[in-house]
Every structure is written in structure tokens, then in C-alpha cells.
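# Observations on the model geometry
Single-letter residue listing:
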Amino acid sequence: MDKKLWSRIGLIATVCLVPGGMIIGATLAARRYRQQQDAKARAEAEDAAESDQSEDQSET
């Protein structure tokens, strides 16, 4: 088994068995959700910037 799998197993055990684990799990889930939203917004901004550049070049 690889290291990533053992890390996930440890995280799941922590969330399920440790008092306050639900708080840890909710915090990690919220953090992951925010990262995904930031990545999506960054990709949309890059697409918008590329389309603006292509429009500017076509006008000249």
C-alpha cells in the first residue's frame, strides 16, 4: 500500500474515532470546497483574459 492510502486511512480514523472529529472533518471538507471554488474562479478568469486578448488582437 502506498503512503497516500495510509494517510487517508489515518484521516478517516481520526474523523470517526477522535472526540471532535466531526469538527475536523467539517473543517477539512470546507477547506477542500473553497480550494475547488478558487481553482474554478481562477480558470474562468484565465479564460476571460485569453478571450479579451484575442479580441484586442483581432481589432488591430
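Because the structure is a prediction, the values reported are computed rather than measured.

### What to know about the overall build of the protein
Along the backbone of the protein there are 2 helices and 0 strands. Sorting the 60 residues of the protein into buried and exposed places 3% on the buried side. Taken as a whole, the protein presents about 5400 Å² of accessible surface, with 58% of it coming from carbon and sulfur.

### Concerning a negative patch on the surface
On the surface, Glu-44, Glu-46, Asp-47 and Glu-50 cluster together into a negatively charged patch. With respect to the element layout, Asp-47 can be found in helix H2 (residues 21-59).

### With respect to the layout of surface pockets
In this model, the largest pocket occupies a volume close to 210 Å³. Taken together, the elements giving at least two residues each to the lining of the largest pocket come down to helix H1 (3-17) and H2. The element best represented in the lining of the largest pocket is H2, accounting for 6 residues.

### Describing the environment of Val-15
Within the element layout of this structure, Val-15 appears in helix H1. On a C-alpha basis, the gap between Val-15 and Gly-25 in space is 5.7 Å, while along the polypeptide they are 10 residues apart. For Val-15, the contacting residues outside a window of four places in its chain are Gly-21, Met-22 and Gly-25.

### Let's talk about a nonpolar patch on the surface
A cluster of nonpolar side chains, namely Leu-5, Trp-6 and Ile-9, defines an oily patch on the protein surface of about 290 Å² accessible area. Residue placement: Trp-6 occurs in helix H1. Trp-6 sits in the exposed class, given a relative accessible area of 52%.

About the criteria used
- Residues numbered from 1 in each chain as written.
- Predicted model: local features only at pLDDT ≥ 70, side-chain atom pairs only at ≥ 80, totals over all residues.
- Heavy atoms only, no water.
- Helix = DSSP H or I, 4+ residues; strand = E, 2+ residues; numbered from the N terminus.
- Buried < 20%, exposed > 50% of the residue type's maximum accessible area, 1.4 Å probe, protein only.
- Areas by Shrake-Rupley, 256 points an atom, 1.4 Å probe, with all protein chains shown as cover.
- Patch = residues over 30% accessible without salt bridge, like charges linked within 9 Å, V, L, I, M, F, W, Y side chains within 5 Å.
- Salt bridge = Lys/Arg side-chain N within 4 Å of Asp/Glu carboxyl O.
- Lys, Arg positive; Asp, Glu negative; His and termini not counted.
- Charge placed at Lys NZ, Arg CZ, Asp CG, Glu CD.
- 1 Å grid on protein atoms, 1.4 Å probe; cavity = no way out; pocket = protein on both sides within 12 Å on 5 of 7 lines; lining within 4 Å.
- Points joined across faces, edges and corners; volume = space filled by probe spheres on them.
- Contact = heavy atoms within 4.5 Å.

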